[in-house]
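Each chain, letter by letter, is given below.
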Amino acid sequence: MGATLLGLAIVIAALVIRTAVIELREPGAGRRQWRFLRDPRALAAGAVVAFVLALVGWRSAGAPSLPWALLAGALVAFTIGGRPPPE
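Residues numbered from 1 in each chain as written. Predicted model: local features only at pLDDT ≥ 70, side-chain atom pairs only at ≥ 80, totals over all residues. Heavy atoms only, no water.

Asker: Help me understand the environment of Pro 64 in this model?
Answerer: Checked against the element boundaries, Pro 64 lands in the loop between helix 3 (40–60) and helix 4 (66–81). Residues Pro 64 and Trp 34 lie 30 residues apart in sequence; the distance between their C-alpha atoms is 26 Å. (Helix = DSSP H or I, 4+ residues; strand = E, 2+ residues; numbered from the N terminus.)

Written out as structure tokens, the structure reads:
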């Protein structure tokens, strides 16, 4: 479990550093990058993906798969939150 959390911490740190570098180059870009946290559609999609992956991961690998399921859900929410809503 320790290696799983270390790997997850490295991925999260890389995303935060990427946001900081983008913010330094263009002020306000970091806020636009994290706006998915206020988008209910993106958060719902991320929660569904995280839940499904957590169920599948729990059955196959146990507890070490849960942090990765949460990260995958957050990345799905991030991807969907950056798009304009469908008409």
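Asker: Even after reading the chapter, I still don't get the layout of surface pockets, so can you show me in this structure?
Answerer: In this approach the atoms are scanned with a rolling probe the size of a water molecule, which exposes any empty space left behind. Roughly 250 Å³ of volume is contained in the largest pocket. Lining the largest pocket are 14 residues, and of these Leu 15, Trp 34, Leu 71, Ala 74 and Leu 75 lie nearest its centre. Elements with a contribution of two residues or more to the lining of the largest pocket: helix 1 (2–25) and helix 4. A per-class count over the lining of the largest pocket returns 11 nonpolar, two polar and one charged. (1 Å grid on protein atoms, 1.4 Å probe; cavity = no way out; pocket = protein on both sides within 12 Å on 5 of 7 lines; lining within 4 Å. Points joined across faces, edges and corners; volume = space filled by probe spheres on them. Nonpolar A, V, L, I, M, F, W, Y, C, P; charged D, E, K, R; others polar.)

Asker: So what exactly am I meant to see when it comes to the packing of helix 3 against helix 4 here?
Answerer: Geometry of a packed helix pair, given as the angle between the helix axes and the separation of the axes. Where helix 3 contacts helix 4, the two axes come as close as 7 Å, and the packing angle between them is 155°. As summarised for this structure, helix 3 and helix 4 are arranged roughly antiparallel, according to the angle between their axes. Note that helix 3 runs across helix 4; the crossing there is right-handed. Across the interface between the two elements, Arg 41, Ala 42, Leu 43, Ala 45, Gly 46, Val 49, Ala 50, Leu 53, Ala 54 and Trp 58 from helix 3 touch Leu 66, Ala 69, Leu 70, Ala 72, Gly 73, Val 76, Ala 77, Ile 80 and Gly 81 from helix 4. (Axes fitted to C-alpha atoms, helices over the stretch in contact; angles between N-to-C directions. Parallel < 35°, antiparallel > 145°, perpendicular 65-115°, else oblique. Left-handed = near helix turned anticlockwise from the far one by under 90°. Contact = heavy atoms within 4.5 Å.)

Asker: What is the right way to read a nonpolar patch on the surface from this model?
Answerer: Together, Ile 12, Val 16, Trp 34, Leu 37 and Leu 43 line one region of the surface with nonpolar side chains, adding up to about 430 Å² of accessible area. Its place among the elements puts Val 16 in helix 1. (Patch = residues over 30% accessible without salt bridge, like charges linked within 9 Å, V, L, I, M, F, W, Y side chains within 5 Å. Areas by Shrake-Rupley, 256 points an atom, 1.4 Å probe, with all protein chains shown as cover. Salt bridge = Lys/Arg side-chain N within 4 Å of Asp/Glu carboxyl O.)

Asker: When you look at the side chain of Ser 65 in this model, what are you seeing that I'm missing?
Answerer: Tracing the sequence through the fold places Ser 65 in the loop between helix 3 and helix 4. Among the residues examined, Ser 65 registers a relative accessible area of 15% and is labelled buried. A distance of 2.8 Å separates the side chain of Ser 65 from the backbone oxygen of Gly 62, its partner in a polar contact. Setting aside its immediate chain neighbours within four residues, Ser 65 contacts Gly 57 and Trp 58. (Buried < 20%, exposed > 50% of the residue type's maximum accessible area, 1.4 Å probe, protein only. Polar contact = N/O pair within 3.5 Å; in protein donor to acceptor, adjacent residues only side chain to side chain.)

Asker: Looking at this structure, I do not really get the packing of aromatic side chains. What am I missing?
Answerer: Aromatic rings considered in pairs are described by the distance between their centres and by the relative angle of their planes. Per the counting criterion, the structure on display carries two aromatic pairs. Their ring planes at 35° and their centres at 5.6 Å tell us that Trp 34 and Phe 36 sit as a pair that is tilted. Here Phe 36 falls in the buried class, since its relative accessible area comes to 6%. (Phe/Tyr/Trp six-rings, centres within 6.5 Å; stacked < 30°, edge-to-face > 60°.)

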